[in-house]
Every structure is written in structure tokens, then in C-alpha cells.
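Remarks on the overall topology
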Amino acid sequence: MNQEQLDRIKSGQGFIAALDQSGGSTPKALKLYGIEETEYANDAEMFGLVHAMRTRIVTSPAFSGERVFGAILFERTLDDAFEGQGAAEYLWQTKGVVPFLKIDKGLEDEANGVQMLKPIPGLSDLLARAKAKGVFGTKERSVIKQNNAAGIAAVLDQQFELGQQVLDAGLVPIIEPEVDINAADKADIETTLKQGLLERLDKVAPSTPVILKLTLPEVDGFFRELVEHPSVLKVVALSGGYARDDANARLAKNPGVVASFSRALTEGLSAKQSDDDFNASLDTAIESIYRASVA
């Protein structure tokens, strides 16, 4: 793995921007951006519009490695370009932002209170291609909806098995067992989840650490043991549906945890804004998330 990028993630001040909206979440992301489904006729046009949105974000003067130290890309974006330069290369070489790649293919139907990862065909080739393009790590998301011990254990076993494949390919996995913010027993889920994470992290070599991406917890400072674990490079938080102000307030109460927001990052941005208004809105969003991440 790239040592300079590793050091940037380990000691960098700032947060990771999640720019990895995929097929299922793209229409909603575009609608929040002010583009209705009637404005595109097919998937190709849809993905073209969301790439234009991402391009506008990453090429903005507000978006740089000074406050954003990482960004997660969708697979289609990896094969596309920003300002004529390969997407991952542009992020690192032009913006000083460490590139990650979303590798999961979505979720299975709920069973045992969780949604597992779908199979990832061609994983080895995808990881090799990502590494060749300068990607530092990967992201893979599962969802936990109930405090079901068997379901949570299955999610974590799958996440860490996949994480080891990513490590073996010379990349760093972002292990993401998201907890549904609407779960009635969210705090209990987080207790079970943290115990399971600690048990599995003890089997991960500190020389090949992982990143954890977790839902903002109900108890302030709840992830301290994870933040301090020698096999954890970074603990990042997803906004999970919380509005930006709420997500930032919760994040600021969790020392050592930084943001990896998607919806909260793009909240308030619109395709209809002038460049000046867009850049000002993005700067406000980035600054607020940065401040919460370094609080």
C-alpha cells in the first residue's frame, strides 16, 4: 500500500467524502440535487448526471486535501475522469485526497435482522484494477436492523473475510456494518456490534490495519476502544440519514471519530445553483463537517 497515503489517513485532519452513490441510491441523490427522474430517460443518462454532480464537487475550490483527506468512488467513476484525468489519479495527484472504491454490489434481503452483502463477482480483477489506478482502499456496506446475535455475527464474519481479501490484494478495507438509525434497539445493537468488532480485530495484524465505518452511536464516546485499537487505522462515521446539523453534533461528541458523510455532505447543493453559490454552499458544508471531525 502507498505509505504516503497511509500516513495521510492515519494522522490527517479532516474527513472522508462519500461520493459512491450507486444504482439504487442515485435517483434519490439526484432528486436531492434538484434533478427529477423525468429529466433522464435511462441509466446511462442518470449516471452521466450523477457523474456531473460528483465532478462539480471534486473540482470545486472548496474541495481539497486540506479538509477532505479521502473520498469514496463508485466503480463507474473509477473508469471515468475529472478534468481529463483518471478519477482516482485526479483525487490524489491534483487534490491531495486519498481515493477509495466502493466494491459491494448491494444487499441481500433481510434475514436474522440484518442485510448481508451480495456476492461480488470478479472481485480479484476489480481489486487489481483499483490498485493499478492508484486506489488506496475499498468500502463494503452491510446493514443491521435488529439486535440479533446470529445475524450480527454473520455480518461481521462476512465483512472481515472480505476485508482480508482486500488486504491480501494490497488495499485497505473500510469495514461498514451500518446500524439502521431507526432501529428500536439501536443502543443494544451497538453494544453487541462493538463486542463482535473487538473480538475480530484482535485477530487482525496491526501491520495491516483496517478502517471501520460505523453509524453515529447513542452513547457519546462509545467507540473509544475501537479508535484506540492497534489494528484500526481510522474510525469514520456515516451520517445514516441524520440531517447535517444533527450528524455534526453527534460526531463532535465522539473524539477520534471523523466523518464519512454522503447525504449530509451534499445537503443544500443544487444543480440549479450558479457556480459561486454552489461553491459557497459546498464550502459551508465541508467546513462544518471538518470542524465536527476535529472537535
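Presented here is an overview of the structure given in this document. In this convention, every chain numbers its residues from 1, walking through the sequence in written order. At least 70 in pLDDT is required for a residue's local features to be given in this predicted model, at least 80 for side-chain atom pairs to be given and counted, and no such filter applies to totals for whole chains, interfaces and linings, which use all residues. As a rule here, side-chain values come from all non-hydrogen atoms in the structure, and water together with hydrogens is ignored.

Re the environment of I144
Numbering of helices and strands runs from the N terminus, with a helix taken as a DSSP run of H or I at least four residues long and a strand as a DSSP run of E at least two residues long. Inspection of the secondary structure assignment puts I144 in strand β7 (residues 137–144). Considered as a pair, I144 and K213 are 69 residues apart in the sequence and their alpha carbons are 13 Å apart. The contact definition used throughout considers only heavy atoms, calling two residues in contact when any of these lie within 4.5 Å. The contact partners of I144, leaving out residues within four places of it in the chain, are G113, V114, I152, V155, P177, E178, V179, D180, I189 and L193.

Describing the pairing of strand β1 (residues 15–19)
Here is the key point about a regular strand: its side chains alternate between the two faces of the sheet. Counting buried positions over the five residues of β1 gives five, a clear majority of the element. The criterion for strand pairing is that DSSP finds at least two bridges linking the strands in question. In terms of strand pairing, β1 meets strand β2 (residues 68–73) through five bridges, oriented parallel. Along β2, the bridge assignment pairs I16 with G70. Here's how the labels work: a residue is buried when its accessible area is under 20% of the maximum for its type, exposed when over 50%, partly exposed in between, all with a 1.4 Å probe on protein chains only.

What to know about the environment of T59
As for its placement among the helices and strands, T59 is situated in the loop between α3 (43–58) and β2. Taking the relative accessible area as the measure of exposure, T59 reaches 24% and is therefore partly exposed. In contact with T59, other than residues within four places in its own chain, are E83, Y90 and K95. Think of a polar contact as two N or O atoms within 3.5 Å of one another; within protein, one of them needs to be a possible hydrogen donor and the other a possible acceptor, and neighboring residues in sequence only count if both atoms come from side chains. Looking at T59, its side chain comes within polar contact range of the main-chain oxygen of T55, at 2.5 Å.

Quick look at the pairing of strand β5 (residues 98–102)
Within β5, five of the five residues are buried, which leaves it mostly tucked inside the rest of the structure. Residues V98, F100 and K102 line one face of β5 and the alternating positions P99 and L101 line the opposite face, and both faces are buried. Examined bridge by bridge, β2 and β5 share four bridges and lie parallel to one another. Bridging across to β5, L73 finds its partner in L101. Here β5 pairs with β7 via three bridges, running parallel. Bridge pairing links L101 to T138 in β7.

Focus: the pattern of salt bridges
A pairing counts as a salt bridge when a side-chain nitrogen of Lys or Arg comes within 4 Å of a carboxyl oxygen of Asp or Glu. Inspection of every chain in the model, using the stated rule, returns 18 salt bridges. The closest approach of N and O atoms between R250 and E218, which form a salt bridge, is 3.4 Å. Of this pair, R250 sits in helix α10 (residues 244–252) while E218 sits in the loop between β9 (210–215) and α9 (224–227), placing them 32 residues apart in sequence. The class for E218 is partly exposed, based on a relative accessible area of 40%. Here the salt bridges share partners, and the residues they tie into one network are K186, E190, E218, D246 and R250.

Keep in mind these numbers describe shape, not what the thing actually does.
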